[in-house]
Each structure stands twice: as C-alpha cells, then as structure tokens.
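# Fold and geometry: a report
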Amino acid sequence: QVQLVESGGGLVQPGGSLRLSCAASGSTFTINAMGWYRQAPGKQRELVTTITTGGTTNYADSVKGRFTISRDNAKNTVYLQMNSLKPEDTAVYYCYSNRRMSWGLQAYWGQGTQVTVSS
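Summarised in this report is the structure supplied together with it.

Conventions adopted
Residues numbered from 1 in each chain as written. Predicted model: local features only at pLDDT ≥ 70, side-chain atom pairs only at ≥ 80, totals over all residues. Heavy atoms only, no water. Helix = DSSP H or I, 4+ residues; strand = E, 2+ residues; numbered from the N terminus. Rg over C-alpha atoms; globule rule 2.2 N^0.38 Å. Buried < 20%, exposed > 50% of the residue type's maximum accessible area, 1.4 Å probe, protein only. Contact = heavy atoms within 4.5 Å. Disulfide = S-S within 2.5 Å. Phe/Tyr/Trp six-rings, centres within 6.5 Å; stacked < 30°, edge-to-face > 60°. Lys NZ or Arg CZ within 6 Å of the ring centre and 35° of its normal.

### A closer look at the overall build of the protein
The number of helices and strands found in the protein is 0 helices and 11 strands. The secondary structure elements of the protein, listed N-terminal to C-terminal, are β-β-β-β-β-β-β-β-β-β-β. On C-alpha atoms alone, the protein measures out to a radius of gyration of 14 Å, which is about the 14 Å that the 2.2 N^0.38 rule sets for 119 residues. Projecting the C-alpha coordinates of the protein onto the three principal axes gives extents of approximately 45 × 25 × 25 Å. Across the 119 residues of the protein, 43% fall into the buried class.

The structure is reproduced here in structure tokens:
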C-alpha cells in the first residue's frame, strides 16, 4: 500500500501563489510517477501535472507557465508550485502516484486539499 498526504491548500487572491506538498509513505520504493489532479465543483477530475522518477514533466495546457511540479525522490515527496493563480484554478487538488506491479501500474490518491482563488 501507498499512502499520500497533501498539504498547503488554502485561500489566495487572484495572482497569488501557493505551494502544495504531497508525502508518500508505505511501499514507496516501487513508486513510478507522481502528480496532481484537480476537481472543481460540478466538474470531472482533470489532470494538472505529472512527473516521473527521472524528472520528466507534463502539464495541462491551462497551467503551463504558471505551475511547476517537482519531486524529491529520497523523501518520496512531490510539490506543486502554483503562481499567477486564477479563480478557475479553484478546486480540490489530489495527489496521485502509481506503483509498478508485475501486471502494470497501481494508482493511489491522496485525500485532497482545497485551493480557493477568490477576491
């Protein structure tokens, strides 16, 4: 099992910044990629960004140039630096990881942390 615990959410004004953290515990030596998804009220969960163990990153078009994902493999922790936040970034942000299994990849999710961007 892998447990993911997010922190760093909160209320911020448009144009502001937040940094989210996600710490993984459990069977962490088999973790492959980590990342972040988000879900706004009334919307489906969407991919925000992912990062591989080797550092390859991917971003949703809506956050490119504003969000930066990074990870500390030794600490099994992933970070999301969010700059120039917009009201449309308001959502519950979920940490994600997948773990290598003999048959493929097992997905794990954090409990979510609320990010609210409002004046």
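Having put the structure on the table, let's press on.
### A short note on the environment of Gly 112
Along the polypeptide, Gly 112 turns up in the loop between strand S10 (104–109) and strand S11 (113–117). Take Gly 112: its relative accessible area is 17%, and that puts it in the buried class. Remark: the alpha-carbon pair of Gly 112 and Cys 95, spanning 17 residues in sequence, is separated by 6.8 Å. If we ignore the near neighbours within four places in the chain, the residues touching Gly 112 are Glu 6, Val 92, Tyr 93 and Tyr 94.

### Here's the deal with the state of the cysteines
Enumeration over the complete set of coordinates arrives at 1 disulfide. A sulfur-sulfur distance of 2.0 Å marks the disulfide that ties Cys 22 to Cys 95. The sign of the -90° torsion about the S-S bond sets the Cys 22-Cys 95 disulfide as left-handed. Here Cys 22, found in strand S3 (residues 18–26), pairs with Cys 95, found in strand S9 (residues 91–101); they are 73 residues apart in sequence, far enough to count as distant. Residue class for Cys 22 comes out buried when judged on its relative accessible area of 0%.

### Observations regarding the packing of aromatic side chains
A complete count under the given rule lists 3 aromatic pairs for this structure. Consider the rings of Tyr 37 and Tyr 96, whose centres lie 5.4 Å apart with planes at 65°: the pair is edge-to-face. Of this pair, Tyr 37 sits in strand S4 (residues 31–39) while Tyr 96 sits in strand S9; the two residues are 59 residues apart in sequence, bridging distant segments of the chain. Residue classification places Tyr 96 among the buried residues on the basis of a relative accessible area of 13%. Between Tyr 37 and Trp 109, the aromatic rings sit 4.9 Å apart at their centres with planes inclined by 70°, giving edge-to-face as the arrangement. Taken together, the residues Tyr 37 in strand S4 and Trp 109 in strand S10 connect sequence positions 72 residues apart. With a relative accessible area of 38%, Trp 109 lands in the partly exposed category. Counting every residue linked through ring pairs, the aromatic cluster contains Tyr 37, Tyr 96 and Trp 109. Here the guanidinium or amino end of Arg 45 rests over the ring plane of Tyr 94, the centre of that ring lying 3.8 Å away. Positioned above the aromatic ring of Trp 109 is the side chain of Arg 45, whose terminal nitrogen or guanidinium carbon lies 4.6 Å from the ring centre.

By themselves these figures say nothing about function.
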